[in-house]
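Descriptive analysis of the structure
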Amino acid sequence: PDIKVNGSFKLNFSYLVKECLGNLVKHSNATNAKVEMKFERDVLHFYIKDDGKGFDLNEKQGKGKGLKTMRRRVNILDGKIDIDSKIGEGTVVKIEVPTN
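Residues numbered from 1 in each chain as written. Predicted model: local features only at pLDDT ≥ 70, side-chain atom pairs only at ≥ 80, totals over all residues. Heavy atoms only, no water.

1. What to know about the pattern of salt bridges
Any two side chains of opposite charge can pair, so long as their charged atoms come close to each other. Evaluated as defined, the whole model comprises four salt bridges. Between Lys34 and Glu36 there is a salt bridge, with its nearest N and O atoms 3.1 Å apart. Judged by relative accessible area, Lys34 falls into the partly exposed class, the value being 44%. You can call Glu36 partly exposed: its relative accessible area is 36%. The shortest N-O distance in the salt bridge between Asp84 and Lys86 comes to 3.3 Å. Here Asp84 falls in the partly exposed class, since its relative accessible area comes to 35%. What makes Lys86 partly exposed here is its relative accessible area of 42%. (Salt bridge = Lys/Arg side-chain N within 4 Å of Asp/Glu carboxyl O. Buried < 20%, exposed > 50% of the residue type's maximum accessible area, 1.4 Å probe, protein only.)

Laid out in structure tokens, this is it:
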């Protein structure tokens, strides 16, 4: 579909996707990953799942600001983000952002 969004949306969403993929490549040690993006009723859904090493969401994640920045960008876009990760089982990130 032809989705009309403003420049701020494009910038924030593209950086958000870049951060997700960068985290996958840099930190996960995954063998396999699945990435999906679909548009449904004025909502853009982005999903990424890997079979990497996972991490403890309750522990501070080093010096990086990746997860905090992702959450901030989703908030700017009035969206929702769900991150589920288990050590030894990988990580799933689900993002939903309205396009209207």
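Let's pick the thread back up.
2. Quick word on the nonpolar core
Membership of the largest hydrophobic core comes to 18 residues, with the highest contact counts inside it found for Phe13, Leu16, Phe46, Met70, Val93, Ile95 and Val97. Top element by residues in this core is helix 1 (residues 7-27). It accounts for six residues. Not counting residues up to four positions away in its chain, the partners in contact with Ile95 are Leu16, Cys20, Leu44, His45, Phe46, Val74, Lys80 and Ile81. (Core = buried A, V, L, I, M, F, W, Y, C linked by side-chain atoms within 4.5 Å. Helix = DSSP H or I, 4+ residues; strand = E, 2+ residues; numbered from the N terminus. Contact = heavy atoms within 4.5 Å.)

3. Here we look at the packing of helix 1 against helix 2 (residues 66-76)
Between helix 1 and helix 2, whose axes approach to 10 Å, the crossing angle comes to 155°. As the angle between them shows, helix 1 and helix 2 are arranged roughly antiparallel. Where helix 1 crosses over helix 2, the handedness of that crossing is left-handed. Along the contact surface, helix 1 presents Asn12, Tyr15, Leu16, Glu19, Cys20 and Asn23, while helix 2 presents Gly66, Leu67, Met70, Arg73, Val74 and Ile76. Each residue belonging to the contact of helix 1 with helix 2 can be placed in one class, and the counts come to seven nonpolar, three polar and two charged. (Axes fitted to C-alpha atoms, helices over the stretch in contact; angles between N-to-C directions. Parallel < 35°, antiparallel > 145°, perpendicular 65-115°, else oblique. Left-handed = near helix turned anticlockwise from the far one by under 90°. Nonpolar A, V, L, I, M, F, W, Y, C, P; charged D, E, K, R; others polar.)

4. Observations regarding helix 2
Each full turn of the α-helix corresponds to 3.6 residues, which orients residues three or four apart in the same direction. Restricting attention to buried positions, one finds in helix 2 the residues Gly66, Leu67, Met70, Arg73 and Val74. Each buried residue of helix 2 lies within a common arc of 125° when the element is viewed along its axis, so the set occupies one face. Exposed side chains of helix 2 directed beyond 90 degrees from the buried face belong to Lys68 and Asn75. Along its buried surface, helix 2 packs onto helix 1, strand 3 (80-86) and strand 4 (90-98). With its phi angle positive at about 55°, Asp78 sits one or two positions after the end of helix 2. (Arc of directions from axis to C-beta.)

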